[in-house]
Amino acid sequence: MKTERWNSRLGVILAVAGSAVGLGNFLKFPGQVAMYGGAAFMIAYVASFFLIGLPISIVEWTMGRHAGANGYNSPPGIIGFFCGNKKMAYVGIIGAVLTVLIYCYYIYIEAWCLGYAYNFVAGELNFKTLGESGGFFADFIGAAENGDAFGFGSDKVLIFLVFAFLLNSWMIYRGVSRGIELFCKYAMPTLIVLAIVIVVRMMTLSDVSPEHPDRTINQGLGFMWNPVKVLLEKREGNNWVEVRQLVGNAEIDRESARIKSESSASVFGNLKTGSVSSEPRERIRRISIFEQLTNPSIWIAAAGQVFFSLTVGFGAVMTYASYLKRNDDIVLSSLTSCSANEFCEVCLGGMITVPAAVAFFGVSGAIGAGLTLFDLGFKVLPLFFVSMPLGWFFGFMFFFLLFLAAVTSSLSMLQPSLAFIEEASGLKRKFSTLLLGVITFFITGFVVYFSENLKAMDTLDFWMGQVAIYIFAMIQTIAFAWYFGVKRGIRLANSGSLIKLPPYYGFVIKFITPTILLAIFAMWLAKDVFGIIGNGKLSPYITDLFGGDGTPPNAAALMSVVIVFVMFGFFSLILFSSKKYDKIDRKAAK
């Protein structure tokens with residue numbers, strides 16, 4: 001079978017950047033920044049980028065190019081060849097399985113974006129309240145009950161899902177250069193232009209809420225990026241409880257004056273009644289950036305965002321890199337694609353969603369509406385676009401931008417498993433695409449059918465999009481630094497590169513990156529999964545499988561986990577019967 005190659009360096013950079021630029025850049029990142037304190041989150045995010053994201057990106061590019069030059073293009077083949085051991089190829093199956101399963105629910109969200117873009121153009125979105133916006137979203141995706149998403153019409157997701165599915169299948173069938181590269185060459189510049197237009201429009205908005213002149217885009221930016229968080233708190237017994245966050249000198253001064261006035265009135269009243277209690281009922285507390293950084297949740301969220309954003313730990317980058325030539329520059333390509341992603345995330349994504357939500361609802365209203373990916377993107381922002389001049393046009397632009405970003409990402413999720421099927425079984429592109437299409441069709445159908453509270457999607461996202469990527473990132477790092485040898489790996493990365501990695505970068509990859517990965521993963525398991533620290537409660541993802549607090553296991557969650565094991569078993573069977581992997585030995589990796 002003829003080996004595929006990228007047509008140009010720009011093509012592979014745009015494709016890898018496209019795999020990274022997705023919904024996380026424009027929806028998840030701004031919400032994370034706002035939720036975890038703006039500047040404090042950015043410090044943790046930048047540290048995670050340089051100590052985790054960039055090193056693993058270099059690792060994936062290096063492993064992919066080296067294995068691809070020797071005929072291996074899939075995560076199992078790359079891991080097996082790099083380690084010189086067929087048994088390690090079974091470990092590499094994690095990369096093939098997690099990407100295809102993430103694709104099966106990611107394309108569902110992709111269809112939401114396309115559906116919202118269409119409905120804005122068609123003039124079907126005329127919300128007046130957050131309740132109406134949330135109601136349309138729930139009906140559109142079928143969140144009320146299982147099977148409710150299956151219905152044709154612009155008010156249901158199914159027809160848009162079919163289109164997105166066919167588009168992805170066609171692009172992946174056309175191959176790396178004629179499909180993925182061609183699409184990304186046009187889609188990436190288009191989505192960046194759309195994003196810049198929307199950012200400019202956002203920054204020039206005035207009188208977003210005439211009845212609340214203090215609600216402005218600048219207040220939204222301050223809410224996201226101020227280094228010091230200022231909280232209004234009230235006393236409940238012996239504890240102080242957060243009421244809301246204060247943003248801007250005007251709001252802080254106003255609340256300070258009110259509290260002082262009420263405190264003075266309380267003291268005067270106590271003098272008249274003879275009461276001795278003069279403790280204030282409310283206070284304003286400032287939380288420094290250093291105090292915020294002591295919160296382990298910030299570091300867990302920042303590292304998770306880097307994984308999600310750069311698409312490292314998925315196996316997609318190493319698969320893309322495997323189609324490079326032996327001496328193609330990978331250090332500069334890695335830096336360029338990562339930089340493009342950060343521009344889209346920080347400079348574009350960070351300037352659209354949360355500032356708009358705060359300008360329209362105010363700080364407390366935006367927090368009450370929700371800062372999650374789904375709340376911001378599909379409940380809050382549509383209401384904002386409807387309220388502004390030419391809102392249908394800018395609403396269409398925004399959601400079409402999200403759709404393009406989602407497609408460039410979903411294509412990268414299909415390629416690792418497609419490459420594995422072709423590589424291990426020897427099937428030609430037509431039959432391998434058909435087989436993968438059938439697999440993803442049924443799993444996606446399962447995700448869409450069990451749409452009540454998005455349980456199937458949420459379960460797969462937890463076990464694949466959170467747990468598995470940490471595990472696979474550790475495998476990649478250990479294989480590169482400890483099994484293959486970090487010095488050999490750095491020399492391999494520098495081969496053909498205009499910018500050379502400094503010698504100390506080997507120390508970062510070998511010791512610092514895996515140590516931080518293990519620490520954050522262990523902290524996350526202890527805090528958010530098993531409840532060893534924090535609230536002491538098991539994660540609902542655990543109780544969904546085993547039951548708890550008098551509730552039985554959730555059927556959709558259990559079936560989702562069964563699908564994960566079935567996919568591992570199926571891909572392991574393909575690998576076991578493959579003759580190509582028998583050729584892997586330690587000499588091949590030298």
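A quick note: this is a predicted structure, and the numbers were derived from the prediction, not measured. (Residues numbered from 1 in each chain as written. Predicted model: local features only at pLDDT ≥ 70, side-chain atom pairs only at ≥ 80, totals over all residues. Heavy atoms only, no water.)

Visitor: Which parts of the structure should I look at to understand the overall build of the protein?
Guide: When helices and strands are counted, the protein shows 21 helices and three strands. Classification of the 590 residues of the protein by burial places 57% in the buried group. For the protein, long-range pairs separated by at least 24 residues make up 80% of all intrachain contacts whose partners lie at least 6 apart in sequence. Accessible surface, the protein as shown: approximately 23800 Å² in total, 64% of it carbon and sulfur. One way to put it: in the protein the 46 positive side-chain charges average out to a point 13 Å from where the 38 negative ones average out. (Helix = DSSP H or I, 4+ residues; strand = E, 2+ residues; numbered from the N terminus. Buried < 20%, exposed > 50% of the residue type's maximum accessible area, 1.4 Å probe, protein only. Contact = heavy atoms within 4.5 Å. Areas by Shrake-Rupley, 256 points an atom, 1.4 Å probe, with all protein chains shown as cover. Lys, Arg positive; Asp, Glu negative; His and termini not counted. Charge placed at Lys NZ, Arg CZ, Asp CG, Glu CD.)

Visitor: What am I meant to see in the side chain of Gln415 here?
Guide: Among the structural elements, Gln415 can be located in helix α16 (residues 391–425). Accessibility expressed as a relative area gives 0% for Gln415, which makes it buried. Once residues within four sequence positions are removed from consideration, Gln415 is found in contact with Ile172, Val176, Ile180, Thr319, Tyr320, Tyr323 and Arg429.

Visitor: Any chance you could explain the packing of aromatic side chains here in plain terms?
Guide: What describes a pair of aromatic rings is the distance from one ring centre to the other and the angle between the planes of the rings. Enumeration over the complete set of coordinates arrives at 52 aromatic pairs. Here the aromatic rings of Phe570 and Phe571 are separated by 5.9 Å at their centres, their planes lie at 40°, and the arrangement is tilted. Note on Phe570: relative accessible area 31%, which makes it partly exposed. Of the residues examined, Phe571 reaches a relative accessible area of 0% and is grouped as buried. If you follow Lys28 out to its NZ or CZ, it ends over the ring of Phe308, 4.4 Å from the centre. Note that Arg488 overlies the ring of Phe484, its terminal NZ or CZ placed 4.0 Å from the centroid. (Phe/Tyr/Trp six-rings, centres within 6.5 Å; stacked < 30°, edge-to-face > 60°. Lys NZ or Arg CZ within 6 Å of the ring centre and 35° of its normal.)

Visitor: Hey, could you run me through the sheet that holds strand β2 (residues 239–246) in this one?
Guide: For sheets, the rule is that strands pair by backbone hydrogen bonds, running either parallel or antiparallel. The three strands are arranged β2-β1-β3 in an open sheet whose pairing can be described as antiparallel. Of all strands in the sheet, those bounded by a partner on one side alone are β2 and β3 (282–287). Across the sheet, the axes of successive neighbouring strands diverge by a mean angle of 35°, strand direction being ignored. As paired elements, strand β1 (residues 229–236) and β3 share six bridges and run antiparallel to each other. Each residue of the ladder has a partner; that of Leu232, found in β3, is Ile284. (Pairing = 2+ DSSP bridges. Axes fitted to C-alpha atoms, helices over the stretch in contact; angles between N-to-C directions.)

Visitor: I tried to follow the packing of helix α17 (residues 429–449) against helix α21 (residues 555–576) on my own but got confused; where do I start?
Guide: The angle between the axes and the distance between the axes are what describe a pair of packed helices. Two elements in contact, α17 and α21, have axes whose closest approach is 11 Å; the angle formed by their N-to-C orientations is 165°. In terms of their interaxial angle, α17 and α21 are classed as roughly antiparallel. Relative to α21, the crossing made by α17 is left-handed. Contacts between α17 and α21 involve Ile439, Ile443 and Phe446 on the former and, on the latter, Ala556, Met559, Ser560, Ile563, Met567 and Phe570. Looking at the contact of α17 with α21, its residues break down into eight nonpolar, one polar and no charged. (Parallel < 35°, antiparallel > 145°, perpendicular 65-115°, else oblique. Left-handed = near helix turned anticlockwise from the far one by under 90°. Nonpolar A, V, L, I, M, F, W, Y, C, P; charged D, E, K, R; others polar.)

Visitor: Please explain a nonpolar patch on the surface as it appears in this structure.
Guide: Taken together, the side chains of Val121, Leu390, Trp392 and Phe393 define a hydrophobic patch exposed on the protein surface, amounting to about 400 Å² of accessible area. Mapping Val121 onto the fold places it in helix α5 (residues 86–121). (Patch = residues over 30% accessible without salt bridge, like charges linked within 9 Å, V, L, I, M, F, W, Y side chains within 5 Å. Salt bridge = Lys/Arg side-chain N within 4 Å of Asp/Glu carboxyl O.)

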